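Geometric and topological summary
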Amino acid sequence: MTIAAESKTIEHGGASHNGEPTGMYKWLTSTDHKVIGKSYMYTSLVFLLIAGSMAMIIRAQLMSPNGHVVSQQMYNELFTIHGSIMLYLFAGPFAFGGFANFILPLQIGAPDMAFPRLNALSYWLYLTGGTTMLLGFFTAGGAAAFGWVAYAPLSSYTNAPGPGPDLWIIAIALTGFSGIFTAVNLVTTAFYLRAPGLTMFRMPIFTWSMVVTGMLILIAFPILTAAMIMLYCDRHLGTHFFTVSGGGSPVMWQNLFWFFGHPEVYILALPYFGMVSEIVPVFSRKPVFGYKGLVFATLAIAALSTGVWAHHMYTTGTVLLPFFSALSLLIAVPTGIKVFTWIGTMWGGNISFKTPMLFVIGFIVTFVMGGMTGVMLASPPIDFAVHDTYFVVAHFHQVLAGTAIFAGFAGFYYWYPKLTGRMLRESLGKLQFWMAFIAFNLTFIPQYLAGLRGMPRRVPVYLVQDHVTFLNQLSSVGAFVTFLSFVVWLVNLWVSWKKPIAAGDNPWDGHTLEWGTSSPPPHHNFTSLPPIRSQRPVWDANHPEHADHLNHELPKKEAIRR
Amino acid sequence: MKIEYRIYLGIGLFVSVLTVVYFFWAKEYGGATMFFGTAGLGIMPAMYMGWWHRRMKPRPEDTENATMAESKGAIGAFPSYTIWPFVLGMGAFMSALSLVFGEWTLVIGGALLIFGAR
Ligand code: HEM
């Protein structure tokens, strides 16, 4: 197999790489997408640990019906900031700022992102935004305490005085801008910097997912930023967008927020679906089953997700139930297609249950459970019964947290060798997986039952006669063990750092271009690129006798259809 | 550019349909406005890319059997390192904090912003 010499030339702005800064100064000044991607990833994992610790305090409070671990106000602050960090500062940035930044240019054979300086700016806005949110805890009035959705009138100045809520608003605005910049960057990179021969329908599914996520961010985030500005004006400048007394409408806030908020949950989920779609084929030693189906399912999810926002607002009585219910049920179809293509990829494959694959299977199980309860919630009669109970808490943790944690760690274990050139230990990885998988479901399955028995969410105390004490105790124990599984992961990182095992360029026999360069990749990523004749250029180069394009020469079904 | 353009167009058209259905069925103007804007966010980039698509030959990255040699010339200037994004970021941070802590942070932040954006 000959590997064609790379003919692209790259102009270096500034100095040559010999005079490059190192250490702290490198971290501050680098515009290399790999450095920024790693910074994103590790920062967001720190946020995961911070928000996870908050969840531990919350669960400790709920161990007994009348817990005294924290005050009522503190409890509200904790779940608000827990939810906000997990959604705005962990799940999104981890995948879309971290993985996408590091992997996407590699997967399409690009030397860097399209706008490297903008990329660096995104990271700084994200870091400062996250810091701003945490600053709330150090103010006299405490952090924001109105839930991650900041419903009016709870978020008005009268009900939420002090600088904490303002810091929250600014934090969201800063991270929002960071997200928008990253989205512009990723979409442009994928549209304009692909290697020759890498047509759109040869892009890996991971890259596709990031492109679609970027498009969705560009639709949704501006609305969020606008809503934050309106909220700030209501609080300080005397406007009345969301106050009834001034002729405004609190439900308007819900409309604005969820018009962002529902696409947002797909913005969080799609990148992880992309990671799963990369990992399943590699560990089944097959090409992905139904490539185009996956691409169109991703696009369909994105398009539909703009039209389902009011399913969070059924109980307000102001929304057109049949419209939103129908669209919400429809979105289950492309999501189902994805699950079937993953299973179809595994079907008849030569599966090896390495840690990344285990996490993927854990993800599929948890996600399908959460997805099915989501379909239930999409029908208004059920939602009227369980709205704002622990049933909903269990549902969104299984879909969101299940995705971010299981698919996220699957991706982390899968790409860590590429990031660092070192392997993580399989034994510790498997231990982490089984602890996390069992404990996670132990945490959230009882919450479905608690919700059906009527336990509302966002309460620090509950009644003994509601018969939810035991369920809550199960849930708390599960939560503590879930947290311990993160400790196992930290140990794993430490071991791999102290006693490194070299990974080599392509430890998993991967398919896509990032495995065709060294680990970690050199400056500007590639010294040479293999010819790109299918969706799996690196597989083709390593297994010429099984190369994809050989099969494609035969009947060419797709060409006829086109 | 063809596929890029069609994706955006597809999203724009789909949301346009939703806009019309929603407008006449729900008769709720807030949601209809947001739908309308979203449709625009699909159609506007589609128009831009469609415009280019009609005016240029398929690029090497749009051709299935392009060789590496076909992409000639520099693909761009990629800086290795620069401090300015950090300066700009800190400027934005300090300026934003002035909304909470008063004008004094704006002085620092504004200075950094001007300095960084220069
Ligand atoms: C370690 C696993 C986790 C545990 C044990 C946990 C536990 C909790 C608990 C106890 C609550 C408060 C429920 C209430 O009082 O209403 C909560 C709220 C929430 N969690 Fe988690 N959580 C975990 C991970 C995550 C992750 C990974 C995400 C997102 C990706 C997430 C997103 C949220 C959101 C959005 C809320 C709602 C906040 C609000 O009510 O405003 N959680 N979580």
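Use the structure listed above.
In short, a report on the structure. This is a predicted model, so every value here is computed, not measured.

Analysis parameters
- Residues numbered from 1 in each chain as written.
- Chains lettered and ligands numbered in written order.
- Predicted model: local features only at pLDDT ≥ 70, side-chain atom pairs only at ≥ 80, totals over all residues.
- Heavy atoms only, no water.
- Helix = DSSP H or I, 4+ residues; strand = E, 2+ residues; numbered from the N terminus.
- Rg over C-alpha atoms; globule rule 2.2 N^0.38 Å.
- Buried < 20%, exposed > 50% of the residue type's maximum accessible area, 1.4 Å probe, protein only.
- Contact = heavy atoms within 4.5 Å.
- Near = heavy atom within 4 Å.
- Polar contact = N/O pair within 3.5 Å; in protein donor to acceptor, adjacent residues only side chain to side chain.
- Nonpolar A, V, L, I, M, F, W, Y, C, P; charged D, E, K, R; others polar.
- Phe/Tyr/Trp six-rings, centres within 6.5 Å; stacked < 30°, edge-to-face > 60°.

**Some thoughts on the overall build of chain A**
Of regular secondary structure, chain A possesses 18 helices and one strand. Against the compact-globule benchmark of 24 Å for 562 residues, chain A has a radius of gyration of 24 Å, which places it among compact chains. Projected onto the principal axes, the alpha-carbon positions of chain A cover approximately 70 × 50 × 50 Å. Put simply, chain A has 562 residues, and 63% of those count as buried. The contacts of chain A with a sequence gap of at least 6 include a subset with a gap of at least 24, amounting to 82%.

**Let's talk about the site of the ligand**
Residue and element names in this part refer to chain A. Among the 20 residues in the neighbourhood of the ligand, the closest are listed as Tyr75, His82, Trp148, His397 and Arg458. With respect to the ligand, the side chain of His82 contributes an N or O atom lying 2.8 Å from a nitrogen atom. Measuring from an oxygen atom of the ligand, one finds a side-chain N or O atom of Tyr390 at 3.3 Å. Broken down by secondary-structure element, the contributors of at least two residues to the shell around the ligand are helix H2 (33-61), helix H3 (72-107) and helix H13 (390-420). Broken down by element, the residue count for the shell around the ligand peaks at seven residues, all from H3. Residue classes in the shell around the ligand are distributed as 13 nonpolar, four polar and three charged.

**Considering the packing of aromatic side chains**
Residue and element names in this part refer to chain A. Throughout the structure, instances matching the rule amount to 72 aromatic pairs over all chains. Aromatic side chains Tyr40 and Tyr126 sit 5.0 Å apart centroid to centroid with 25 degrees between the ring planes, which places their arrangement in the stacked category. Residue Tyr40 is located in helix H2, and its partner Tyr126 is located in helix H4 (residues 116-135); the two are separated by 86 residues in the primary sequence. Judged by relative accessible area, which is 2%, Tyr40 ranks as buried. By relative accessible area, Tyr126 is classed as buried at 1%.

Spatial relationships are all this shows, so hold off on functional conclusions.
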